[in-house]
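Residues per chain are reported as follows:
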Amino acid sequence: MRHPLKVSDVMTRDVITVTEDTPYKEVVALLAAHHITAVPVINAYGGVGGVVSETDLIRKEEFQGARRLPWALRWRQHQARSRAAGLRVGELMSRPAVTIDQTATIPEAARLMAARGITRLVVTDGEVLTGIVTRSDLLKAFLEPDDRLLQRVRREVVVHALWDDPFGIELAVQDGVVTLSGEVDRHSTAELAEKLTAEVDGVVGVDNRLTWMYDDTMSAPAIQPSPEVRRRP
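Attention here is on the structure that accompanies the text. Since the structure is predicted, the reported quantities are computational estimates derived from the model, not experimental observations. (Residues numbered from 1 in each chain as written. Predicted model: local features only at pLDDT ≥ 70, side-chain atom pairs only at ≥ 80, totals over all residues. Heavy atoms only, no water.)

**Overview of the pairing of strand 6 (residues 128-134)**
Judged from the six bridges that link them, strand 5 (residues 120-125) and strand 6 form a sheet pairing that is antiparallel. In the strand pairing of strand 6, Leu121 is matched with Val133. Linking two consecutive strands that pair antiparallel, namely strand 5 and strand 6, is a turn of two residues; a positive phi of about 70° is found at Gly126 within it. (Pairing = 2+ DSSP bridges. Helix = DSSP H or I, 4+ residues; strand = E, 2+ residues; numbered from the N terminus.)

So, in structure tokens, the structure goes:
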């Protein structure tokens, strides 16, 4: 049985937070002191009310001395200016926060970041904040040493998934690329081995050199009825 890496395996657990009442300058100082670019905002009920980032804070600089837009665009500019004029986090933050459950897998987190065009996710357990995961955190899986990656592929793919034909597959790993070699019974088994290996966290690529004794991926030819059967009324 596979045990893919979860968000909880790579996230940062010691999370710096602010409240909606935190002053602007205090947030700026907090980001600078901890060398971070954003922090979750905890609301009055203890939940995550949003996120305040450098992008939210820099709006004050953006609108200083900015020219007025044509009237058709002024409503949108007015909204942005109103946020930029905020003095506390509750007026500046982006809401709602984009969250992900701590049990989500690394690929799920990566897809959510890509879909939203963001570089970090707030991690929760239900409604409770448990961490922050960033794009750099997701890349930690690819830092796995080759010998440990080989053990993971052998355990998750060869032993657990292909238990009926585990001795026909030989493994080698170099710089995260897994080479599969040897002979298996069926063509479909070779294809499945490549697919499952590629899905293992930390695998950069798969070089599939497996051979097979029986090609079970080819469709059997359709059996045509005899001329006598076709002529039967």
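**Focus: the sheet that holds strand 3 (residues 48-53)**
Pairing is mixed across the open sheet formed by three strands, whose spatial order is 1-2-3. Each edge of the sheet is formed by a strand with only one pairing partner; in this case those strands are strand 1 (18-19) and strand 3.

**As for the pattern of salt bridges**
This structure, assessed with the given rule, holds seven salt bridges. In this structure, the salt-bridge partner of Glu156 is Arg155, at a minimum N-O distance of 3.9 Å. Note that Lys195 is salt-bridged to Glu199, the shortest N-O span being 2.8 Å. When salt bridges with common partners are traced through the structure, they connect Glu144, Arg148 and Arg152 into a single cluster. (Salt bridge = Lys/Arg side-chain N within 4 Å of Asp/Glu carboxyl O.)

**Topic: helix 10 (residues 187-198)**
Relative to the 16 Å expected for twelve residues at 1.5 Å per residue, helix 10 spans 17 Å between its end C-alpha atoms, a close match to the ideal helical length. All of the buried residues along helix 10 are His187, Thr189, Ala190, Ala193, Leu196 and Thr197. (Expected span 1.5 Å × (residues − 1). Buried < 20%, exposed > 50% of the residue type's maximum accessible area, 1.4 Å probe, protein only.)

**A word on the side chain of Thr22**
Mapped onto the fold, Thr22 is located in the loop between strand 1 and helix 2 (24-34). According to the relative accessible area criterion, Thr22 is buried, its value standing at 7%. In this structure the side chain of Thr22 is engaged in a polar contact, spanning 3.0 Å, whose partner is the backbone nitrogen of Thr19. If we ignore the near neighbours within four places in the chain, the residues touching Thr22 are Val27, Leu87, Arg88 and Val89. (Polar contact = N/O pair within 3.5 Å; in protein donor to acceptor, adjacent residues only side chain to side chain. Contact = heavy atoms within 4.5 Å.)

**Considerations on a nonpolar patch on the surface**
Taken together, the side chains of Leu139, Phe142, Val177 and Val204 make up a nonpolar region of the molecular surface, amounting to roughly 370 Å² of accessible area. Among the secondary structure elements, Leu139 is positioned in the loop between helix 8 (135-138) and helix 9 (146-159). (Patch = residues over 30% accessible without salt bridge, like charges linked within 9 Å, V, L, I, M, F, W, Y side chains within 5 Å. Areas by Shrake-Rupley, 256 points an atom, 1.4 Å probe, with all protein chains shown as cover.)

**What to know about the layout of surface pockets**
The space that makes up the largest pocket amounts to roughly 430 Å³. Where the lining of the largest pocket is concerned, the elements lending two or more residues are strand 2 (38-42), strand 3, helix 3 (54-57) and strand 5. Its residues assigned to classes, the lining of the largest pocket shows eleven nonpolar, six polar and seven charged. Volume-wise, the second largest pocket comes out at about 280 Å³. (1 Å grid on protein atoms, 1.4 Å probe; cavity = no way out; pocket = protein on both sides within 12 Å on 5 of 7 lines; lining within 4 Å. Points joined across faces, edges and corners; volume = space filled by probe spheres on them. Nonpolar A, V, L, I, M, F, W, Y, C, P; charged D, E, K, R; others polar.)

**Quick word on the side chain of Asp137**
Turning to its location among the elements, Asp137 is positioned in helix 8. Setting aside anything within four residues of it in sequence, one finds Asp137 in contact with Val10, Met11, Thr12 and Ile132.

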